Amino acid sequence: MAFTVLPLTSAAASTAATTDPSVISGEPGGAIVRRSVLPGGVRVLTEAMPGQRSATIGFWIGVGSRDEAEGQHGSTHFLEHLLFKGTKRRTALEIASAFDEVGGESNAATAKESTCYYARVLDTDLAMAIDVITDMITGAVLDPEELEQERDVILEEIAMDSDDPTDVAHEKFVAAVLGSHPLGRPIGGTPETIMAVPRAAVWEHYQRYYRPDELVITAAGGLDHDDVCARLLSALRSAGWELRDDVVSAQRRPISPAAIASTPGLQVVKREVEQANIIMGCPSIVATDSRRFVMSVLNAVLGGGMSSRLFQEIREKRGLVYSTYSFSSAYADAGYFGMYAGCTPAKVGQVIGLLTHELDRLAADGITEAELLKAVGQLSGGIVLALEDTGSRMSRLGRSELVSGEFLDIDETLERIKAVTVADVQLLAQELAAAPRTITVVGPFEETETFGLS
């Protein structure tokens, strides 16, 4: 069994009682996180969780919609669909049946910077999951007839999203905030790009990125790291992939913030709906920014739950909305922050004024110590509860490998959240409040509507 050990950076010293150099961290409850690199540059990270009778495994390609070349837009999402449609060894039905027969689950997710094919199965069926997903990753045929059929399915998916005014508001907002940056494009493509992209372009995208050095496998649950590595190595070699010892893993994305040419101001999207959807926000911090924990606290206080400022002020005190919240998304070289509210069309101007006021008030006055303690408790509980699930732990490993190269165990993550101060939150709020704001409104309005804004 030939694989080398190149551990991730770990912010906390390992508590595992072992000298194994592949061990990154020992987690509470006896879970052990390990990382190895197989020949060909294939990276494998696992978290063995004692007592778990299930396991979740994900095959990640560090490529998303932002990486599509001109003429290939929509290819990443197309591949997510097509890899389930058959390989040289299996039909689409055989792929689906393999998981149904054991009560397992399989799916995939396309994002702006990665694609993940994953499955959750009993620990005794993990070998099957490795074999099937390896086959999908390495042996996709992209049958022309299946591709054309799936083209129609994806167009239906886009049409479904277009019928949801909340989805439309978010897509239009992101496009305006990130401007011409590739991250501003919709993940699934547009009807025009999906109709236009030929099989040759999708095949080229597949051949370029679905390679050993781009592949990251993460797994969590009832498993043995060495066994997972051995089975993966065998499956990849049987599939015909060339796994040379001299190949190194693909580099992570550059993390320097990009210059973002956003479109501040008001944009109105006409939809004949009963409720208007409003999003206000601006460009924000990148995924590796040390202030990401400050951003989490800020969002918790401003719009992270029923006791948040937005919810209390706009819904509870004034009864203007049913739903309101704040959010942020961060990527390698760009990010954005926003506040959402849904209200009747006649109240849009008033709600926009309140969103503006709450952000400005946060910047001017900061938060209280009581709000900070509540936010820290809310975030800490949410993190711990989420990581009770093997799927969440599998995803955490994938993000650590692809985004930062640093693994934070639960205790270290909680410590970083607890280290946030009221001054930290106010400084970040001041930066957000000073940025030019984009306001997106989707509702039964003409595009020239101003809502009384100057």
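Look above for the structure.
Residues numbered from 1 in each chain as written. Predicted model: local features only at pLDDT ≥ 70, side-chain atom pairs only at ≥ 80, totals over all residues. Heavy atoms only, no water.

### Observations regarding the overall build of the chain
- Along the chain, the regular secondary structure elements total 15 helices and 14 strands.
- Here the C-alpha atoms of the chain give a radius of gyration of 23 Å, agreeing with the 22 Å that 2.2 N^0.38 yields for 454 residues.
- Overall, the chain is about 65 × 55 × 40 Å in size when its C-alpha atoms are taken along their principal axes.
- In the chain, buried positions account for 52% of the 454 residues.
- At a minimum sequence separation of 6, the contacts of the chain that also span at least 24 residues come to 79%.
- Counting every atom, the chain has about 19500 Å² of accessible surface; 52% of that belongs to carbon and sulfur. (Helix = DSSP H or I, 4+ residues; strand = E, 2+ residues; numbered from the N terminus. Rg over C-alpha atoms; globule rule 2.2 N^0.38 Å. Buried < 20%, exposed > 50% of the residue type's maximum accessible area, 1.4 Å probe, protein only. Contact = heavy atoms within 4.5 Å. Areas by Shrake-Rupley, 256 points an atom, 1.4 Å probe, with all protein chains shown as cover.)

### Details of the nonpolar core
- Ile 57, Leu 83, Tyr 117 and Tyr 210 are the most contacted members of the largest nonpolar core, which has 50 residues in total.
- Element by element, the count of residues in this core is highest for helix α3 (residues 126-139), at 7 residues.
- Ignoring anything within four residues of it in the chain, the contact list for Ile 57 reads Tyr 117, Tyr 118, Ala 119, Leu 126, Ala 129, Ile 130, Ile 133, Ile 217, Thr 218, Ala 219 and Met 394.
- Core analysis: the second largest hydrophobic core is formed by 48 residues, Ile 285, Leu 362, Val 420 and Leu 432 among them. (Core = buried A, V, L, I, M, F, W, Y, C linked by side-chain atoms within 4.5 Å.)

### Side note on the packing of helix α10 (residues 309-316) against helix α11 (residues 348-365)
- As a packed pair, α10 and α11 sit with axes 11 Å apart at the nearest point and diverge in direction by 145°. Judged by the sense of rotation from one axis to the other, the crossing of α10 with α11 is right-handed. Contacts between α10 and α11 involve Arg 309, Leu 310, Glu 313 and Ile 314 from the first element and Leu 354, Leu 355, Glu 358, Arg 361 and Leu 362 from the second.
- Partitioning the contact of α10 with α11 into residue classes produces 5 nonpolar, no polar and 4 charged. (Axes fitted to C-alpha atoms, helices over the stretch in contact; angles between N-to-C directions. Left-handed = near helix turned anticlockwise from the far one by under 90°. Nonpolar A, V, L, I, M, F, W, Y, C, P; charged D, E, K, R; others polar.)

### Side note on unusual backbone geometry
- With a phi close to 50°, Leu 142 is a non-glycine residue in the positive phi region.
- The topology assignment puts Leu 142 in the loop between α3 and α4 (144-162).
- Take Leu 142: its relative accessible area is 1%, and that puts it in the buried class.
- Positive phi values are uncommon outside glycine, yet Phe 451 reaches one of about 60°.
- Residue Phe 451 is classed as buried on the basis of its relative accessible area, which comes to 13%.

### Considerations on the packing of aromatic side chains
- Counted by the stated rule, this structure contains 11 aromatic pairs.
- Summarising the aromatic geometry, the rings of Phe 173 and Phe 327 are spaced 6.1 Å apart at their centres and angled 80° between planes, so their arrangement reads as edge-to-face. Here the residue Phe 173 occupies a position in helix α5 (residues 165-178), and Phe 327 occupies one in strand β11 (residues 324-330), the gap between them amounting to 154 residues. Here Phe 173 and Phe 327 have matching classes, each one buried.
- Taken together, Phe 173, Tyr 325, Phe 327, Tyr 331, Tyr 336 and Tyr 340 form an aromatic cluster joined through their ring pairs. (Phe/Tyr/Trp six-rings, centres within 6.5 Å; stacked < 30°, edge-to-face > 60°.)

### Regarding the pattern of salt bridges
- Inspection of the entire model under this criterion finds 33 salt bridges.
- The closest approach of N and O atoms between Arg 66 and Asp 333, which form a salt bridge, is 3.0 Å. Taken together, the residues span a long stretch of sequence, with Arg 66 in the loop between β5 (54-61) and α1 (75-82) and Asp 333 in the loop between β11 and β12 (335-343) at a distance of 267 residues. Take Arg 66 and Asp 333: they sit in the same class, and that class is buried.
- Ionic pairing is found between Glu 431 and Arg 291, a salt bridge with its closest N-O pair at 2.7 Å. One end of the pair, Glu 431, is in helix α15 (residues 422-434); the other, Arg 291, is in the loop between β10 (276-283) and α9 (292-303), and 140 residues separate them in sequence.
- According to the relative accessible area criterion, Glu 431 is partly exposed, its value standing at 39%.
- Three or more residues joined by partner-sharing salt bridges are found here, namely Arg 66, Asp 67, Glu 113, Arg 253 and Asp 333. (Salt bridge = Lys/Arg side-chain N within 4 Å of Asp/Glu carboxyl O.)

### Digging into the sheet that holds strand β14 (residues 438-443)
- Read across the open sheet, the 5 strands follow the order β9-β14-β10-β12-β11; overall the sheet is mixed. Since the sheet does not close on itself, it has two edges, and those belong to β9 (265-270) and β11, each with one partner. On average, each strand axis in the sheet is tilted by 20° relative to the strand beside it, whichever way the strands run.
- The sheet contact formed by β10 and β12 spans 8 bridges and is antiparallel. Its bridge partner lying in β12, Ala 276 is registered against Cys 343.
- This element, α10, spans β11 and β12 of the sheet and lies at about 145° to β11.
- Along the sheet, α11 contacts β10, β11, β12 and β14; its crossing angle with β10, the most-contacted strand, is approximately 30°. (Pairing = 2+ DSSP bridges.)

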